[in-house]
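# Reading the structure
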Amino acid sequence: MNTPAIYHRPDSEFAYLYKDNLMHIRLRTARGDVKEVGLLHGDPYTLDTDHWQDQPTPMKRYLTTDLYDFWTIEVTEPFKRISYAFKVTGNDGITIFYGDHGVFSFEKSVYDSPDNYFRLPYFHEVDRFKAPEWVKKTVWYQIFPERFANGDKSNDPENTLPWGSKTPSATDFFGGDLQGVIDHLDHLTDLGVNGIYFCPIFKAKSNHKYDTIDYMEIDPAFGDKATFKKLVQECHKRGIKVMLDAVFNHMGDNSSQWLDVVKNGKDSKYANWFHINKFPVSYKDVGFEQAKNISYDTFAFTPHMPKLNTANPEVKEHLLKIAKYWIEEFDIDAWRLDVANEVDHEFWRDFRRTCDSVKKDFYILGEVWHSSQGWLQGDQFSAVMNYAYTDSISKYLIKKQIPIEKMVSDINDQLMLYRDQTDQIQFNVLDSHDTARLLTETNDDKDLMKQVLAFTYLQPGVPCIYYGDEVGMDGGNDPECRKCMVWDKSQQDLNLYDFFKHLIAFRKDNQKVLSEGEMVWEKICDDGLLILSRKLNGTEVKVILNAGDAPKQVTTSQSVVLSNLVTENNHELTVDPKGFALVK
């Protein structure tokens, strides 16, 4: 037995409260190395009297990666406290005890000793990571405000270009605004989405608004606070939640605070608001949003985005006031936090407490592109932009950079990084304002695009549509992915739009099993046939897809709910390359 591969960590994603008085426990072992695992568990004070250590409860081998098997179990205890350890039997016939002090031979003197057990001393409900229930039911729609719709030409910035007149450059303005969003809310309602994720709307110099000048003001090119309040109210009337994008890692260099630093140097009252290494502040410009020899810390090497010192009590107070203001005054439902991984954890803990104090079940989404356990313990973010997860899907189905087994391994690995309730509200994006559009990534292959979408919508987490994907918009990396929304129906792909409507309806109709159901990889074939089933309390939905080069035949007793490039003959499905079927 490969005992060094055995791993468990109490009070983490390996052992946590899932629901009230219901605990999830996981164990990691080397792939294919262990025959069975039993959980020895009971009340810490009854080991000697109830002898629960003599009755191990079988654990289930759940998900497998290229290196490990993960075993899981769901348990409860009547007195809301637990001692537990693992009885592990290898395929070589060896049985060991694994507990708080490591690996031992499975002997009575070992498993009768209370000090050898992991513990959760009490099931404190206040410590449980709670996923907002409404988020699980949400299909998001991302809007880049400057490019969605121009509803009020009176607030157009200087040199505004005619709508959609060219592929955008990094500095173009086309006049998109909040009134334009209000004017087209019926489009979103018809599509079926029930959450809007807005890129920044606060006063800033650029078209993307990530260089904030004033967090307390709507950018005048987008409208005013009255317009935004009306927008939120109109969204809520339609059952649509609203998430704003905040940049608390850095400010724009046109902000009053930074201009004061430029003017007064080390004598500025804002000198400690930023990470300044040398006065006066300076840099050598080497291109658009690029510089060398910067005398202060910035986002990337962008001299126009000086990094905030969020450990400074004055800065923290200022930013937390902002977070609270937009919830209290405008009733927003969520914050998306830009460059969230570059801000200190202590700030985010205070941010979490501030938001929770104002609104129950508030959703906090962090932009983190890598493993995120440090932010997802329940005291900071609700979820992160799930790029690591969806990148694996893209690398196999679209780019063919990894084999099918590696995609499955990566997905399983991502799921095991976090608690189940966290996985259920992770933000699954296939494209955004920071990436090339999905249709462009697929080389304008809409059949492949549909297959990728169908597979992604069957995953845990919540899907997000980047504005215009539903009508067939394309575009490479920023700024090409930020084209003006196409509103001329003669220029829209209405068949693709209809597909999106059906896929969103499928996701909402089967939300419970798709959020909370177990993952069952029924077939993972080198020839590209993949069958993934989601199961919960007797309900089962699955995706059957063909990522290979030749048609595949599959027999199913379930009904096809949505498909593409599939023919059906008396429950015999022929799935063509790039085809899929969602069955139930």
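For clarity, every value in this text was computed on a predicted model and none was experimentally measured.

### Quick word on the pattern of salt bridges
- All chains considered together, the criterion is met by 40 salt bridges.
- Residue Arg61 is joined to Asp69 by a salt bridge in which the shortest nitrogen-to-oxygen separation is 3.1 Å.
- Among the salt bridges present, the one from Lys316 reaches Asp350, with a minimum N-O distance of 2.8 Å. Remark: Asp350 occurs in helix 9 (residues 345-358) and Lys316 occurs in helix 8 (residues 313-330); sequence separation between them is 34 residues. Judged on exposure class, the residue Lys316 and its partner Asp350 are both buried.
- What you see here is one network of salt bridges that share partners, running through Lys19, Glu133, Lys136, Lys512 and Glu516.

### Some details on the state of the cysteines
- One pass over the full model with this rule turns up zero disulfides.
- Cysteine Cys464 shares no disulfide, and the gap to the nearest cysteine sulfur, in Cys199, comes to 9.4 Å.
- Residue class for Cys464 comes out buried when judged on its relative accessible area of 8%.
- Take Cys484: it sits in no disulfide, and the sulfur closest to it among the cysteines is that of Cys481, at 13 Å.
- When its relative accessible area of 8% is taken as the criterion, Cys484 is described as buried.

### A closer look at the nonpolar core
- Phe228, Trp326, Trp335, Phe351, Tyr363, Phe427 and Phe455 are the most contacted members of the largest nonpolar core, which has 144 residues in total.
- In terms of residues, this core owes the most to one element, helix 8, which gives nine residues.
- Excluding its chain neighbours within four sequence positions, the residues that come into contact with Trp326 are Phe202, Tyr215, Met216, Glu217, Ile218, Lys225, Phe228, Leu244, Asp331, Ile332 and Trp335.
- With 22 residues, the next largest nonpolar core counts Ala15, Met59, Phe86 and Ile96 among its residues.

### Observations regarding the packing of aromatic side chains
- Scanning the entire structure with this criterion turns up 42 aromatic pairs.
- Aromatic pair Phe228 and Trp326: ring centres 5.9 Å apart, planes at 70 degrees, arrangement edge-to-face. Pair noted here: Phe228 is in helix 6 (residues 225-237) and Trp326 is in helix 8, with a separation of 98 residues, a long-range link.
- With a centroid separation of 6.0 Å and 75 degrees between ring planes, the pair formed by Phe499 and Phe580 is classed as edge-to-face. Pair noted here: Phe499 is in helix 15 (residues 494-509) and Phe580 is in strand 28 (residues 572-583), with a separation of 81 residues, a long-range link. As far as the burial class goes, Phe499 and Phe580 line up, both buried.
- Stacked on the ring of Phe222, the Lys or Arg Lys209 has its end atom at 5.4 Å from the ring centre.
- Positioned over the ring face of Tyr396 is Lys400, at 4.6 Å from the centre of the ring.

### Section: the domain arrangement of the protein
- In terms of domains, the protein is made up of domain 1 (3-120), domain 2 (135-249 + 312-514), domain 3 (250-307) and domain 4 (516-583).
- Centre-to-centre separation of domain 1 and domain 3, based on C-alpha positions: 53 Å.

### Some points on the environment of Lys266
- Within the element layout of this structure, Lys266 appears in the loop between helix 7 (256-264) and strand 16 (284-287).
- Contacts of Lys266, omitting those with residues within four sequence positions, involve Ala271 and Phe279.

### Observations regarding the UniProt feature "domain: Glycosyl hydrolase family 13 catalytic" (unreviewed entry) in the protein
- Taking the UniProt record as the reference, the feature "domain: Glycosyl hydrolase family 13 catalytic" (unreviewed entry) is found at residues 142-507.
- Split by type, residues 142-507 is 34% helix and 13% strand. Its first and last C-alpha atoms lie 17 Å apart.

### Section: the sheet that holds strand 2 (residues 22-30)
- The strand order 1-2-6-5 describes an open sheet built from four strands, whose pairing is antiparallel. Where the open sheet ends on each side, the last strands, each with one partner, are strand 1 (15-19) and strand 5 (60-64). Here the average twist between neighbouring strands, direction ignored, is 35 degrees.
- For strand 1 and strand 2, the ladder comprises four bridges, and the chain directions are antiparallel. Paired with Ala15 across the bridge in strand 2 is Ile25.
- Here helix 11 (residues 404-416) sits on the sheet in contact with strand 2, strand 5 and strand 6 (68-75), set at roughly 120 degrees to strand 5.

### Some points on the pairing of strand 9 (residues 102-105)
- Inspection of the sheet shows strand 8 (residues 95-99) paired to strand 9 by four bridges, in the antiparallel sense. Residue pairing for strand 9: Gly99 is matched across the bridge by Gly102.
- Taking the residues between adjacent antiparallel strands as the criterion, strand 8 and strand 9 are bridged by two residues.

### Quick notes on the environment of Pro460
- Topologically, Pro460 is positioned in the loop between helix 14 (446-457) and strand 22 (462-466).
- As for Pro460 and Val513, which are separated by 53 residues in sequence, their C-alpha atoms are 9.1 Å apart.
- Beyond its immediate stretch of four places on either side in the chain, Pro460 contacts Tyr389, Leu415, Asp423, Asn428, Leu514, Ser515, Met519 and Arg534.

### Structural notes on the packing of helix 10 (residues 387-398) against helix 11
- Their axes nearest at 9 Å, the elements helix 10 and helix 11 cross at an angle of 175 degrees. Between helix 10 and helix 11, the angle is such that the two are roughly antiparallel. Residue-level contacts link Ala388, Tyr389, Ser392, Ile393 and Tyr396 of helix 10 to Ile404, Met407, Asp410, Ile411, Gln414 and Leu415 of helix 11.
- Grouping the constituent residues of the contact of helix 10 with helix 11 by class yields eight nonpolar, two polar and one charged.

### Describing the packing of helix 14 against helix 15
- Packing of helix 14 against helix 15 brings their axes to within 10 Å, and their N-to-C directions diverge by 15 degrees. In terms of their interaxial angle, helix 14 and helix 15 are classed as roughly parallel. Relative to helix 15, the crossing made by helix 14 is right-handed. Two secondary-structure elements touch here, helix 14 through Met449, Lys450, Leu453, Ala454 and Tyr457 and helix 15 through Leu496, Phe499, Phe500, Leu503, Ile504 and Arg507.
- For the contact of helix 14 with helix 15, a count of residues per class yields nine nonpolar, no polar and two charged.

### Side note on the side chain of Thr390
- With respect to the helices and strands, Thr390 occurs in helix 10.
- A polar contact is formed between the side chain of Thr390 and the backbone oxygen of Val429, at a distance of 2.8 Å.
- In this structure Thr390 touches Asn428, Val429, Leu430 and Thr456, once residues within four positions along its chain are discounted.

What counts as what
- Residues numbered from 1 in each chain as written.
- Predicted model: local features only at pLDDT ≥ 70, side-chain atom pairs only at ≥ 80, totals over all residues.
- Heavy atoms only, no water.
- Salt bridge = Lys/Arg side-chain N within 4 Å of Asp/Glu carboxyl O.
- Helix = DSSP H or I, 4+ residues; strand = E, 2+ residues; numbered from the N terminus.
- Buried < 20%, exposed > 50% of the residue type's maximum accessible area, 1.4 Å probe, protein only.
- Disulfide = S-S within 2.5 Å.
- Core = buried A, V, L, I, M, F, W, Y, C linked by side-chain atoms within 4.5 Å.
- Contact = heavy atoms within 4.5 Å.
- Phe/Tyr/Trp six-rings, centres within 6.5 Å; stacked < 30°, edge-to-face > 60°.
- Lys NZ or Arg CZ within 6 Å of the ring centre and 35° of its normal.
- Domains from an automatic or database assignment.
- UniProt positions renumbered as here; feature names shortened; annotations may be inferred.
- Pairing = 2+ DSSP bridges.
- Axes fitted to C-alpha atoms, helices over the stretch in contact; angles between N-to-C directions.
- Parallel < 35°, antiparallel > 145°, perpendicular 65-115°, else oblique.
- Nonpolar A, V, L, I, M, F, W, Y, C, P; charged D, E, K, R; others polar.
- Left-handed = near helix turned anticlockwise from the far one by under 90°.
- Polar contact = N/O pair within 3.5 Å; in protein donor to acceptor, adjacent residues only side chain to side chain.

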